[in-house]
Amino acid sequence: MGIRFDAAGQYTYQICPLCKGGQSKERSLSFHVNQNEKLAIWRCFNFECGWAGHACILDILFLHFIYLMLAIKLCVRYLMLLQVLADAGPTQDRHNKVKFSKKLSEETLRLESLGDELINYFAERMISVEVLQKNAVMQMVDDKNVIAFTYRRKGEIVNCKFRSITNRKFWQAKHGERILYGVDGINEGNTIVIVEGEIDKLSMNEAGILNCVSVPDGAPQQVSLKALPSKKQDARFKYLLDCNLDKASKIILATDGDGPGQALAEELSCRLGKERCWLVTWPKKDEVTRYKDANEVLVHLGPDALRHVVEAAELYQEKNHIEDLTFS
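These figures come from a predicted structure and were not determined experimentally.

Rules behind the numbers
- Residues numbered from 1 in each chain as written.
- Predicted model: local features only at pLDDT ≥ 70, side-chain atom pairs only at ≥ 80, totals over all residues.
- Heavy atoms only, no water.
- Disulfide = S-S within 2.5 Å.
- Buried < 20%, exposed > 50% of the residue type's maximum accessible area, 1.4 Å probe, protein only.
- Helix = DSSP H or I, 4+ residues; strand = E, 2+ residues; numbered from the N terminus.
- Pairing = 2+ DSSP bridges.
- Core = buried A, V, L, I, M, F, W, Y, C linked by side-chain atoms within 4.5 Å.
- Contact = heavy atoms within 4.5 Å.
- Axes fitted to C-alpha atoms, helices over the stretch in contact; angles between N-to-C directions.
- pLDDT = per-residue confidence, 0-100.
- Polar contact = N/O pair within 3.5 Å; in protein donor to acceptor, adjacent residues only side chain to side chain.
- Arc of directions from axis to C-beta.
- Patch = residues over 30% accessible without salt bridge, like charges linked within 9 Å, V, L, I, M, F, W, Y side chains within 5 Å.
- Areas by Shrake-Rupley, 256 points an atom, 1.4 Å probe, with all protein chains shown as cover.
- Salt bridge = Lys/Arg side-chain N within 4 Å of Asp/Glu carboxyl O.

Q: Which parts of the structure should I look at to understand the state of the cysteines?
A: Covalent bonding between the sulfur atoms of two cysteines is what defines a disulfide. Counted by the stated rule, this structure contains zero disulfides. As a non-bridged cysteine, cysteine 270 has cysteine 277 as the owner of its nearest cysteine sulfur, 9.0 Å distant.

Below is the structure:
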């Protein structure tokens, strides 16, 4: 009600909560609680207001109790909303500098070993259980149709990409780092193969090419026309810096054969150094088209053919120079 009182049996004069004392801001409200504290009466003597009334003290106290409970309920909901927002957090900040207290694990992500349905899904793509286990590919506990590609550094999960086989949607863990998929399994001093997706990385492993990683989030639609940013400002390709490929003397780019895949190869070569980058040429499917990626070659031509494609990769600068002459 907006009325206060200090002691029963006394009259108090207050600012009326309705008229606020009028223009003069006077204490025009007379308020009285009888001696036994059972009844309260009030009247505003501002002629423009005249608010008056009476009420049982118990009713007033009950009303205040209701207001208090509503206030507590709103506070609890607000705190719950803050917690939800904190848990959702940004999937990735611009420069990968945000640190999260929630540690990713098989338990927090609710992961389990692959079931028969997803094992059969991979078998149709010529990927064996052995390769899946070696790469710690799992599935969601709550949805058996969702693949979980675990990104690990020194054995610990730092990110996880999910893929539904029913609607082909992708998403990543909310607190994940963007690193190369499979970085734990490579020898940095040797030749490294970079592909465009997790399944292509598994396909390379099936062909016996173990020193292979995949970029974490696909390819750009086209090559950027802007000047190459500094390493600290290169947010999209910061995973290259974090995974440290400086020791690799030869890097084979086996990105997809479509436009975005070729754009990704160009962006990677600019950052890794064209002088140590080699580019695969996917074999022809027919007179017009070529196979798109590593998994297509594995499925249709087999592991030996895929291995041969990688071994036949050409130096990036020379290959692009020959193609430029061909189309000029």
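Next comes the rest of the account.
Q: How should the pairing of strand S1 (residues 11-14) be read in this particular structure?
A: As a general feature of sheets, a regular strand has side chains that alternate between the two faces. A one-sided burial pattern is seen for S1, the buried positions being Thr12 and Gln14 and the unburied ones Tyr11 and Tyr13. Bridge analysis of S1 against strand S2 (residues 29-33) gives four bridges, and the strand direction is antiparallel. Each residue of the ladder has a partner; that of tyrosine 11, found in S2, is histidine 32.

Q: Could you clarify how one ought to interpret the nonpolar core in this entry?
A: Buried together is how nonpolar side chains tend to be arranged in soluble globular proteins. The biggest cluster of nonpolar side chains holds 57 residues, and the ones touching the most others in it are Phe122, Ile194, Met204 and Leu268. Setting aside residues up to four positions removed in sequence, leucine 268 forms contacts with Ile194, Val215, Phe237, Tyr239, Leu240, Leu253 and Thr255. Core analysis: the second largest hydrophobic core is formed by eleven residues, Leu104, Leu111, Met138 and Ile157 among them.

Q: Where do I start with the sheet that holds strand S4 (residues 52-56) in this structure?
A: Note on sheets: strands pair through backbone hydrogen bonds, and any given pair is parallel or antiparallel. The strand order across the open sheet built from four strands is S1-S2-S3-S4, with neighbouring strands paired in antiparallel fashion. The outermost strands of the open sheet, each flanked by one partner alone, are S1 and S4. On average, each strand axis in the sheet is tilted by 20 degrees relative to the strand beside it, whichever way the strands run.

Q: Is there a simple way to explain the confidence of the model for the protein in this structure?
A: Detailed reading of the predicted coordinates is not advisable wherever pLDDT falls low. Here the protein averages 82 in pLDDT, while 83% of its residues score no lower than 70. Below a pLDDT of 50 lies the segment residues 88-101, which in the model reaches 19 contacts outside its immediate sequence neighbourhood of four places, other chains included. Across residues 321-328, confidence stays below pLDDT 50; counting only partners more than four residues off in sequence or on other chains, it has one contact.

Q: What is the right way to read the side chain of asparagine 159 from this model?
A: Relative to the helices and strands, asparagine 159 resides in strand S8 (residues 156-164). Of the polar contacts made by the side chain of asparagine 159, one reaches the backbone oxygen of glutamate 177; its length is 2.9 Å.

Q: Got a minute to help me understand the pairing of strand S7 (residues 146-153) in this structure?
A: Counting buried positions over the eight residues of S7 gives seven, a clear majority of the element. Here three bridges tie strand S6 (residues 137-140) to S7, and the two strands are oriented antiparallel to one another. Pairing of methionine 138 across the sheet is with alanine 148, part of S7. Counting the residues that bridge the hairpin from S6 to S7 gives five residues. Judged from the eight bridges that link them, S7 and S8 form a sheet pairing that is antiparallel. Bridging from a neighbouring strand, tyrosine 151 pairs with asparagine 159 of S8. Between the end of S7 and the start of S8, which pair antiparallel, lie two residues, with lysine 154 showing a positive phi angle near 55 degrees.

Q: Would you mind going over the environment of glycine 218 with me for this structure?
A: The residue glycine 218 is located in the loop between strand S11 (212-214) and helix H5 (238-243) in this model. Taking the C-alpha atoms as reference, glycine 218 lies 5.9 Å from glutamate 196; in sequence the two are 22 residues apart. Dropping the residues within four chain positions of it, glycine 218 is found in contact with Glu196, Arg236 and Leu264.

Q: Whenever I open this one, the side chain of glutamine 139 confuses me. Can you help?
A: Examined against the element boundaries, glutamine 139 turns out to sit in strand S6. Looking at glutamine 139, its side chain comes within polar contact range of the side chain of glutamate 112, at 2.7 Å. When residues no more than four places from it in sequence are discounted, the contact partners of glutamine 139 are Arg110, Leu111, Glu112, Ser113, Leu114, Gly115, Leu118, Lys144, Val146 and Ala148.

Q: Could you clarify how one ought to interpret helix H4 (residues 198-206) in this entry?
A: Since the α-helix advances by 3.6 residues per turn, residues separated by three or four positions end up pointing in the same direction. With eight of nine residues buried, H4 lies mostly within the body of the structure. Of the residues making up H4, those classed as buried are Glu198, Ile199, Asp200, Lys201, Leu202, Ser203, Met204 and Asn205.

Q: Any chance you could explain helix H2 (residues 116-123) here in plain terms?
A: Those residues of H2 lying buried are Leu118, Tyr121 and Phe122. Summarising the axial view, the buried residues of H2 lie within an arc of 95 degrees, below the 170-degree limit, and thus occupy one face. In this structure, the buried side of H2 is in contact with helix H3 (129-134), S6, S7, S8 and H4.

Q: Honestly, a nonpolar patch on the surface in this entry has me stumped. Any pointers?
A: Together, Tyr11, Tyr13, Leu39, Ile41 and Phe45 make up a nonpolar patch on the protein surface, roughly 540 Å² of accessible area in all. Structurally, tyrosine 11 can be placed in strand S1. Accessibility expressed as a relative area gives 52% for tyrosine 11, which makes it exposed.

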